Amino acid sequence: MIPLARPVIGEAEERAVLDVLRSRQLSLGPRVPEFERRFAARLGAPHASAVSSGTAGLHLALRAAGVADGDEVVTSPFSFVASANVMVYERARPVFADIDPVTLNLDPEAAAAAITDRTTALLPVHIFGYPADLPAFEAWDLPIVEDAAEALGARHADGPWVGGRGHPAVFGFYANKQLTTGEGGMVTMGDEAVKERIDSERNQGRAPDMGWLDHDRLGFNYRLSDVACAIGLAQLDRLDDMLAARRRVASWYGELLAGIEGLELPCTDAGGDVRGWFVYVVQLPRGVDRDEAVVALRERGVQSKPYLPAIHLMSYYRETFGHREGEFPVCEDVAARSIALPFFPELTQSQAEEVANALIAVAQSVRGSGRTAQATG
Ligand SMILES: Cc1ncc(COP(=O)(O)O)c(C=O)c1O
């Protein structure tokens, strides 16, 4: 079976973990600031704070942006559920706006129409590693928190790396990401006061100069261990190679899957924006039953999964906020037809060919058979 994802882990990561274990300093040690410094420097960000997950980072970044009870935050419904959940943690309301059909990122026009006098922040997501239109959002003079969980290695047309514009930007290091620490995350930011607040809140609300168990604010345990940071440092050393390998795999898929009627591939880089390749997600031709396609691919030795479901149509969001089908037609259409294919740096060219051949055969055999996909427009 060709898996969906597989981290690149070698002797460097093994040595790094052993070194930490032998040092007996497993947490709150020197690897944390070292990982933060090197990560920030790579993205041209003045500061970075390591956290226990992308979700934790988004939560702390939103708090640092001042989002609180009763506020509204405009965001994309086509994302991993965490980017909206973190607003609910603070009793703020996620206000979704539809996405651009090409980039699949929050559409600035739709987002502008969703702003009210209760909007206190914007949370654009760089979905599948493609840069969101930050220059458009920055014109509105609202605090911005970027969900860059999937976008390490992406670059904006006007120069900065994703994560290097100064807004708090949050990366995720789960095992399928461009860089992994198993679980983990990083917030990059331009403002030192934001770093100080996040550093304190990730560590139970302790001020840096305060003694053990002295807290001057509410906090959490969102720390990243030295073991995880050591893995992250080893991964940083091989990041350029891993990103290049992902780009190579994407270009194989692009060639192998071109010209299949109705199949939509990830958009190519346009206008100077550069994708940081994270997943390879295609939208199946209309009329192809996605569930059947996933099963048929599995029978041919290829793992795949529907990715991503629309957040507003998840049970919790329907029940809590009263969302229904039809609110965000572009997102719903894309979400109903998307599947992620196996995608990782060590995927070989012959495996890419196997995946492509399986997909071509499956698209032909399940086209129009059985049930139609949910909400296919
Ligand atoms: C777009 C997006 N946002 C947020 C997250 C949450 O990151 P984590 O799983 O590290 O909490 C993810 C991770 O999968 C993601 O893809």
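Provided above is the structure to which this section pertains.
Below: a short report on this structure. (Residues numbered from 1 in each chain as written. Predicted model: local features only at pLDDT ≥ 70, side-chain atom pairs only at ≥ 80, totals over all residues. Heavy atoms only, no water.)

### Focus on empty space enclosed by the protein
In the structure shown here, the tally under the stated rule is 2 cavities of 30 Å³ or more. The space that makes up the largest cavity amounts to roughly 40 Å³. If you trace the largest cavity, you find it lined by Pro7, Val8, Ala175, Lys177, Gln178, Leu179, Thr180, Gln235, Met242, Arg246 and Pro345. Tallied by class, residues from the lining of the largest cavity come to 6 nonpolar, 3 polar and 2 charged. In this structure, the second largest cavity spans a volume of roughly 30 Å³. Surrounding the second largest cavity, Ala149, Leu152, Phe171, Gly172, Phe173, Lys177, Gln178 and Leu179 form its lining. By residue class, the composition of the lining of the second largest cavity is 5 nonpolar, 2 polar and 1 charged. (1 Å grid on protein atoms, 1.4 Å probe; cavity = no way out; pocket = protein on both sides within 12 Å on 5 of 7 lines; lining within 4 Å. Points joined across faces, edges and corners; volume = space filled by probe spheres on them. Nonpolar A, V, L, I, M, F, W, Y, C, P; charged D, E, K, R; others polar.)

### Brief notes about the pairing of strand 10 (residues 338-341)
Look at any regular strand and the pattern is simple: side chains alternate between the two faces of the sheet. Taking every second residue as pointing to the same face, both faces of strand 10 are buried, with Ser338 and Ala340 on one and Ile339 and Leu341 on the other. In terms of strand pairing, strand 8 (residues 280-283) meets strand 10 through 4 bridges, oriented antiparallel. By the bridge assignment for strand 10, Gln283 is matched with Ser338. Pairing between strand 9 (residues 305-306) and strand 10: 2 bridges, direction antiparallel. Bridged to Lys305 within strand 10 is Ala340. (Buried < 20%, exposed > 50% of the residue type's maximum accessible area, 1.4 Å probe, protein only. Helix = DSSP H or I, 4+ residues; strand = E, 2+ residues; numbered from the N terminus. Pairing = 2+ DSSP bridges.)

### Describing the nonpolar core
The biggest cluster of nonpolar side chains holds 45 residues, and the ones touching the most others in it are Phe78, Leu123, Phe128 and Tyr307. Going through the elements one at a time, helix 3 (54-64), helix 4 (82-89), strand 4 (119-123), strand 7 (185-189), helix 7 (192-201), helix 11 (315-321) and helix 12 (329-337) are the ones with two or more residues in this core. When residues in this core are grouped by element, the largest group, 5 residues, is from helix 3. If you look at the next biggest cluster of nonpolar residues, it comprises 30 residues, including Leu257, Tyr280, Val294 and Phe344. (Core = buried A, V, L, I, M, F, W, Y, C linked by side-chain atoms within 4.5 Å.)

### Considerations on the environment of Asp216
You can see Asp216 is positioned in the loop between helix 7 and helix 8 (226-237). Taking relative accessible area as the criterion, Asp216 reaches 45% and is therefore assigned partly exposed. Each C-alpha atom of the pair Asp216 and Leu18 lies 36 Å from the other, and the pair is 198 residues apart in sequence.

### Notes on the packing of helix 3 against helix 4
The interhelical angle for the contact between helix 3 and helix 4, taken along N-to-C directions, is 45°, at an axis separation of 9 Å. Taken together, helix 3 and helix 4 sit at an angle that is classed as oblique. The handedness of the crossing between helix 3 and helix 4 is right-handed. Taking contact as the criterion, the partners of Thr55, Leu58, His59 and Leu62 in helix 3 are, on helix 4, Ala82, Ser83, Val86, Met87 and Tyr89. (Axes fitted to C-alpha atoms, helices over the stretch in contact; angles between N-to-C directions. Parallel < 35°, antiparallel > 145°, perpendicular 65-115°, else oblique. Left-handed = near helix turned anticlockwise from the far one by under 90°. Contact = heavy atoms within 4.5 Å.)

### Some details on the sheet that holds strand 4
The sheet built from 3 strands is open, its strands ordered 3-2-4 with parallel pairing. Two strands lie at the open edges of the sheet, namely strand 3 (93-96) and strand 4, each paired on one side alone. Strand-to-strand, the axes of this sheet are offset by a mean angle of 30°, without reference to chain direction. With 4 bridges connecting them, strand 2 (residues 72-75) and strand 4 associate as parallel partners.

Any link to function would need more than the numbers given here.
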